[in-house]
Amino acid sequence: MIQKPIIILGAGGHTKVLIDVLQRRSTKLLGITDPDPKKIGKSILGVPVIGDDYVITFYNNETIELVNGIGMVANKKLRQQIFYSFKNLGYSFTSVIHDSAIISSDVELYEGVQIMAGAIIQPGCKIGINSTINSRASIDHDTFIGAHVHIAPGVTVSGGVQIGDGTLIGTGATIIQGINIGAYSIVAAGAVVIRDVPDGVIMMGVPAKVVK
């Protein structure tokens, strides 16, 4: 299968990590888009910022693929909104997987997932569309991660966990086995989750408790 050239959306720190992975594959990178006019004309790791997101529409949706370079920002739904805005125009998002990630053959990865360096994903797991498993995160067996989820660096997710759409699990957090985490929630960095998490809340502490 011939890989199509790629445009990356967003000129932030997460894009720098993605470019490093893609350059290891010798992927053809057409450029980066970003709405900030101060970034246009600059470059990241040698890849130019070619304009705002409208530039993508100059390319036929059958001749290129996109990579979502938006990390978890203040507007937690921005990454999701960008994904669907271009899906509705007929574009596809390619997945980005670091060579050092350890992924069981019994794992289902959906469109646009990003698996970063040193991540481990065990058998029976499913990772939903547009979700990120960041550096050194560990996802144990039979865990379901929904769409647009961000698992931050160093997170440990035990077996049989369910994580709803749009949720952020912060750096170094630990989720014990069998826990259900609702949609669009935040588990703070370093938290230890030992009970189910409702939709749309913030959990912090050891053990984690709802704070908002």
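Just above sits the structure.
Residues numbered from 1 in each chain as written. Predicted model: local features only at pLDDT ≥ 70, side-chain atom pairs only at ≥ 80, totals over all residues. Heavy atoms only, no water.

Asks: How would you summarise helix α2 (residues 78–87) if you had to cite specific residues and measurements?
Replies: Among the residues of α2, those classed as buried are Arg79, Gln80, Ile82, Phe83 and Phe86. Viewed end-on, α2 has its buried residues packed into an arc of 165°, placing them on one side of the element. (Buried < 20%, exposed > 50% of the residue type's maximum accessible area, 1.4 Å probe, protein only. Helix = DSSP H or I, 4+ residues; strand = E, 2+ residues; numbered from the N terminus. Arc of directions from axis to C-beta.)

Asks: Quick one: what's the story with the packing of aromatic side chains, residue by residue and with numbers?
Replies: Taken as a whole and assessed by the stated rule, the structure comprises four aromatic pairs. Ring centres of Phe83 and Tyr84 lie 5.4 Å apart, and the angle between their planes is 80°; this geometry places the pair in the edge-to-face category. On the basis of an interplanar angle of 75° and a centroid distance of 5.9 Å, the ring pair of Phe86 and Tyr91 is categorised as edge-to-face. This pair shows no difference in class: Phe86 is buried, exactly as Tyr91 is. Three or more aromatic residues joined by ring pairs form one cluster here, namely Phe83, Tyr84 and Phe93. In this structure, Lys77 is placed above the aromatic ring of Tyr184, and the distance from its NZ or CZ to the ring centre is 4.6 Å. (Phe/Tyr/Trp six-rings, centres within 6.5 Å; stacked < 30°, edge-to-face > 60°. Lys NZ or Arg CZ within 6 Å of the ring centre and 35° of its normal.)

Asks: Before we move on, could you go through the sheet that holds strand β8 (residues 108–109) and cite the residues and values that matter?
Replies: With parallel pairing, five strands are arranged side by side in an open sheet as β8-β11-β14-β17-β20. One side of each edge strand has no neighbouring strand; the edge strands of this open sheet are β8 and β20 (180–181). When strand β17 (residues 162–163) meets β20, the two strands line up parallel, connected through two bridges. Of the residues in β20, the one forming a bridge with Gln162 is Asn180. (Pairing = 2+ DSSP bridges.)

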